[in-house]
Each structure stands twice: as C-alpha cells, then as structure tokens.
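# Tertiary structure, described
Given next are the chains, with one letter for each unit.
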Amino acid sequence: MAKSVRLSDELVNTASQEGRFLKRSAAGQIEYWAEIGKLVEQTGCFSLSRIRSFQEGHVSIDDLTPDERIAASRSLFDQLAEAPNREGVINELKNSEHPYYSASNGQVTASTDD
C-alpha cells in the first residue's frame, strides 16, 4: 500500500533530475536510493549507528571504515555550515594548534600555522 511522506523540495528536485537519465520518476529514484542505502547498511561495511557513536564522541574517527569516515565528515560539514555560531567555530579552528583545511573556489588548502 502506498503512503504519503513529506520530502524536501531539494531532494525531490535532485531525484527528478537524476532519475530523468535512467527513465525513473522522482519517486522511483528516491526508492532506488533508499534500496541502495538499505543494502549498504546490511553489508556491515557501513553503519549509521557507528557514525552516530562517532558524533557523540564514543568512537574515534580512526575506528570507522573509509565509507563511514566520508559520511561522518559530510555530516560534520553540514552541521558546521548550518551552525548559528559558524564564524566562532572557524576562528576556534584557526586559533587551534592543530592543522585545519579550508576550501575556496574549489581549491583545498591546509594550514598548520607553523
């Protein structure tokens, strides 16, 4: 039985664009992505619960698989981009003794402040 769900306009528009190439409707493309996500989680090489544990500080990023690291990093970048105190976080990173990375115009640069 089909059910209605609320989805962001951005997701539906992206699904419509992506699905067009493979002759899928927006709904068909989203279902396809959901099936891929389900299969990835079931393989054991990718775990959302492990990523959540990393975000909560219970698991080190070194303990994540490469795919989990990518997903965790994307999640952190998304959170930073939406943070109300984004400039404060950026300043804290710049004033840190640890290297940080920044991107501008598609170029990634590392700063060690040495």
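Model, not experiment: these values are computed from the prediction.

Time to look at the overall build of the protein chain. A count of helical and extended segments in the protein chain gives 5 helices and 2 strands. The buried share of the protein chain, reckoned over its 114 residues, is 13%. A fraction of 3% describes how many contacts in the protein chain between residues 6 or more apart in sequence connect residues 24 or more apart. A total of about 9,400 Å² of accessible surface is found on the protein chain, and carbon and sulfur atoms cover 51% of it.

At a minimum axis separation of 8 Å, helix α1 (residues 9–21) and helix α2 (residues 26–43) run at an interaxial angle of 95°. As the angle between them shows, α1 and α2 are arranged roughly perpendicular. Here Leu 11, Val 12, Thr 14, Ala 15, Ser 16, Glu 18 and Gly 19 of α1 lie close against α2, whose contacting residues are Ala 26, Gln 29, Ile 30 and Trp 33. The residue inventory of the contact of α1 with α2, partitioned by class, reads 6 nonpolar, 4 polar and 1 charged.

Phi angles above zero are rare outside glycine, and Lys 23 is one such case at about 60°. Relative to the elements of secondary structure, Lys 23 occurs in the loop between α1 and α2.

This part takes up the environment of Tyr 32. One can find Tyr 32 in helix α2. Residue Tyr 32 is classed as partly exposed on the basis of its relative accessible area of 37%. When the C-alpha positions of Tyr 32 and Gly 19 are compared, they lie 9.4 Å apart, and in sequence the two are 13 residues distant.

Let us now look at the confidence of the model for the protein chain. On average, the protein chain scores 79 in pLDDT, and the residues at 70 or more come to 83%. Summarising per-element confidence for the protein chain, the mean pLDDT is lowest in strand β2 (residues 107–111) (62) and highest in α1 (91).

Scanning the entire structure with this criterion turns up 0 aromatic pairs. The aromatic ring of Tyr 32 is capped on one face by Arg 24, whose charged end is 3.8 Å from the ring centroid.

Before going further, it helps to examine the side chain of Glu 68. With respect to the helices and strands, the residue Glu 68 is situated in helix α4 (residues 66–82). Within the structure, Glu 68 has its side chain in polar contact with the backbone nitrogen of Thr 65 (distance 2.9 Å).

We now examine the side chain of Gln 29. Tracing the sequence through the fold places Gln 29 in helix α2. Classification of Gln 29 as buried rests on a relative accessible area of 3%. Apart from residues lying up to four places away in sequence, Gln 29 is in contact with Ala 15, Glu 18, Gly 19 and Arg 24.

Rules behind the numbers
- Residues numbered from 1 in each chain as written.
- Predicted model: local features only at pLDDT ≥ 70, side-chain atom pairs only at ≥ 80, totals over all residues.
- Heavy atoms only, no water.
- Helix = DSSP H or I, 4+ residues; strand = E, 2+ residues; numbered from the N terminus.
- Buried < 20%, exposed > 50% of the residue type's maximum accessible area, 1.4 Å probe, protein only.
- Contact = heavy atoms within 4.5 Å.
- Areas by Shrake-Rupley, 256 points an atom, 1.4 Å probe, with all protein chains shown as cover.
- Axes fitted to C-alpha atoms, helices over the stretch in contact; angles between N-to-C directions.
- Parallel < 35°, antiparallel > 145°, perpendicular 65-115°, else oblique.
- Nonpolar A, V, L, I, M, F, W, Y, C, P; charged D, E, K, R; others polar.
- pLDDT = per-residue confidence, 0-100.
- Phe/Tyr/Trp six-rings, centres within 6.5 Å; stacked < 30°, edge-to-face > 60°.
- Lys NZ or Arg CZ within 6 Å of the ring centre and 35° of its normal.
- Polar contact = N/O pair within 3.5 Å; in protein donor to acceptor, adjacent residues only side chain to side chain.

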